[in-house]
Amino acid sequence: MEQENKIIVFQEKQIRRVWHNEEWWYAVVDVVEVLTDSVDPRQYIKRMRSRDPELDRNWGTICTPLHMTAPDGKIRATNATNTEGIFRIIQSIHSPKAEPFKQWLAKVGYERIQEIENPELAAERARQYYRDLGYDEAWIETRLQTIATRGSLTDEWKVRGVQEGLEYSILTAEISKATFGLTPSEYKNVKGLKKENLRDHMTDIELIFTMLGEATTRNKAVSKDAQGFDENRMAAQEGGRSAGKALDAYEIEEGKKVVTGQNFKQQIKEAKKKQKGLNKGEEEL
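Note that the coordinates shown come from a computational prediction; the quantities given were computed from them, not determined experimentally. (Residues numbered from 1 in each chain as written. Predicted model: local features only at pLDDT ≥ 70, side-chain atom pairs only at ≥ 80, totals over all residues. Heavy atoms only, no water.)

A. Representation of the overall build of the protein chain in the model. The helix and strand inventory of the protein chain stands at 13 helices and five strands. Looking at the protein chain alone, contacts between residues at least 24 apart form 57% of all its contacts between residues at least 6 apart. Accessible area of the protein chain: about 16100 Å², with a carbon and sulfur share of 51%. (Helix = DSSP H or I, 4+ residues; strand = E, 2+ residues; numbered from the N terminus. Contact = heavy atoms within 4.5 Å. Areas by Shrake-Rupley, 256 points an atom, 1.4 Å probe, with all protein chains shown as cover.)

B. Up close: the pairing of strand 4 (residues 64-69). With six bridges connecting them, strand 4 and strand 5 (residues 75-81) associate as antiparallel partners. Its bridge partner lying in strand 5, P65 is registered against N79. As consecutive antiparallel partners, strand 4 and strand 5 are separated by five residues, and within that stretch G73 has a phi angle of approximately 90°, a positive value. (Pairing = 2+ DSSP bridges.)

C. How the structure looks around helix 11 (residues 204-223). Compared with the 28 Å implied by 1.5 Å per residue over 20 residues, the 28 Å span of helix 11 between its first and last C-alpha is a close match. Buried within helix 11 are the following residues: E206, L207, F209, T210, M211, G213, E214, T216, T217 and A221. Residues of helix 11 that are buried in the fold lie against helix 8 (137-159), helix 9 (166-180), helix 10 (184-190) and helix 12 (228-254). Positive backbone phi, approximately 50°, marks D225, located one or two places after helix 11. (Expected span 1.5 Å × (residues − 1). Buried < 20%, exposed > 50% of the residue type's maximum accessible area, 1.4 Å probe, protein only.)

D. The nonpolar core, seen in detail. Counting 21 residues, the largest nonpolar core has V28, I45, M48, W59, I89 and I93 as its most contacted members. Going through the elements one at a time, strand 2 (13-20), strand 3 (23-27), helix 1 (28-36), helix 2 (41-51), helix 4 (59-62) and helix 5 (83-90) are the ones with two or more residues in this core. Examining the composition of this core, we find that six residues originate from one element, helix 1, more than from any other. Once you skip the residues sitting within four places of it in the chain, I93 turns out to touch V32, L35, T36, Y44 and M48. Counting 20 residues, the second-largest nonpolar core is a separate cluster that includes Y130, F209, L247 and V258. (Core = buried A, V, L, I, M, F, W, Y, C linked by side-chain atoms within 4.5 Å.)

E. Local environment of the confidence of the model for the protein chain. For the protein chain, per-residue confidence averages 86 on the pLDDT scale, and residues scoring 70 or more make up 84% of the total. Low pLDDT, under 50, characterises residues 281-285; the stretch is placed with zero contacts to residues that sit more than four places away or in other chains. (pLDDT = per-residue confidence, 0-100.)

F. Local environment of the packing of aromatic side chains. Within this structure, the stated rule accounts for 10 aromatic pairs. A centroid spacing of 5.5 Å and a plane angle of 85° characterise the contact between Y130 and Y135, whose relative ring orientation is edge-to-face. Grouping residues by exposure puts Y130 and Y135 together as buried. Their ring planes at 70° and their centres at 5.9 Å tell us that W139 and F264 sit as a pair that is edge-to-face. Here F264 lies in the loop between helix 12 and helix 13 (265-284) and W139 lies in helix 8, a separation of 125 residues in the sequence. One exposure class covers both W139 and F264, and it is buried. Aromatic ring contacts, followed pair by pair, group Y129, Y130, Y135, W139 and F264 into a single cluster. A cation over a ring is seen here: R17 above W24, with NZ or CZ 3.8 Å from the ring centre. The residue whose ring lies beneath R51 is Y44, and the NZ or CZ to ring-centre distance is 5.5 Å. (Phe/Tyr/Trp six-rings, centres within 6.5 Å; stacked < 30°, edge-to-face > 60°. Lys NZ or Arg CZ within 6 Å of the ring centre and 35° of its normal.)

G. Structural view of the pattern of salt bridges. Scanning all chains against the criterion turns up 16 salt bridges. For the salt bridge of R127 with E141, the shortest nitrogen-to-oxygen distance reads 2.9 Å. On the criterion of sequence distance, the pair formed by R127 in helix 7 (residues 119-132) and E141 in helix 8 is long-range, its members being 14 residues apart. Residue D225 is joined to R160 by a salt bridge in which the shortest nitrogen-to-oxygen separation is 2.9 Å. Residue D225 is located in the loop between helix 11 and helix 12, and its partner R160 is located in the loop between helix 8 and helix 9; the two are separated by 65 residues in the primary sequence. Judged by relative accessible area, D225 falls into the partly exposed class, the value being 45%. We classify R160 as buried; its relative accessible area is 9%. Counted as one network, the salt bridges with shared partners bring together E156, R160, R218 and D225. (Salt bridge = Lys/Arg side-chain N within 4 Å of Asp/Glu carboxyl O.)

Right, here's the structure in full:
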C-alpha cells in the first residue's frame, strides 16, 4: 500500500499509523486511549511517564514526532512509536486491555512479515480490501497499478536523497499541480473530501493520469540522474507537465474534463453498513 498516513481500527477505535523507516509507527496518544479509555490520554501519558522514570528517560528514543492527520483534518507532528516501543509503553499501563492489544500487534507484525516474503499476498489483501468497499474489478486493478507506480517512484526518491515526509509531500503536490492544475488538497476540495484518501475517490481515468505523472517523474529523475530535493523537484515538475499535456489532449479528444467532483463516499458507507450487518448475522448464528 502507499506509504501515507493510515487509520486502522482496534476494538471500534481509530489508531493512526504511518510508514517510517521500513515499519509501521503508531500514534502513542491513540494507543493509550484505546488501552485506558482515558478521557484525556495526553494527561495519562504525563502521569505514566512520572510513574516510570526509566520510560521517561528513554521517551525520546522510544517516540519520534511524525506527521499524521489530526481529528480536525490538519497534518501535525504526533509522537509515534513502532511495535517494540508500544510493547514497552504497555508495560507501564495497568489495564486488562493490554493483552488483547499485544495479540493484535503480533498479528499485524506476522501479516507484514508474510507480505514481505510474498508480495502477491499484500496485493491480494489490498484487492480484497477494495472489493469489500464495493469497487469493481477494473477500478481495483487500476488502483493497484497506481500503488505499484507510487512505490517505484518513492523508492527512487529514497535512493536519490529525498527525505520522507514533507519533501515527499511537496514533490507529490508538484506532480499533481502540473498534471491536473490542482494540488492534492485543492483536488480533495473539488471532491468534497476531508480526511479520506484522495486516490480512493478518483475515477479510473483520474487514476491513470495520476499514474502517468508519477511514472514520467520517475523516468525524468532516472534520465537526469536527479540528486537531492531541488533536482527531483524539477523532475517532478517536468513529469507532471508531460502528463498534463496528455491530459489536455485527452480532454480535447473526448470533449469532457478528467477531474470530476465524483467520490465514492456513499458507496463505501453502504458497503461498510452491509458488511456490519453480515458480521452481526454471523455472530447471531
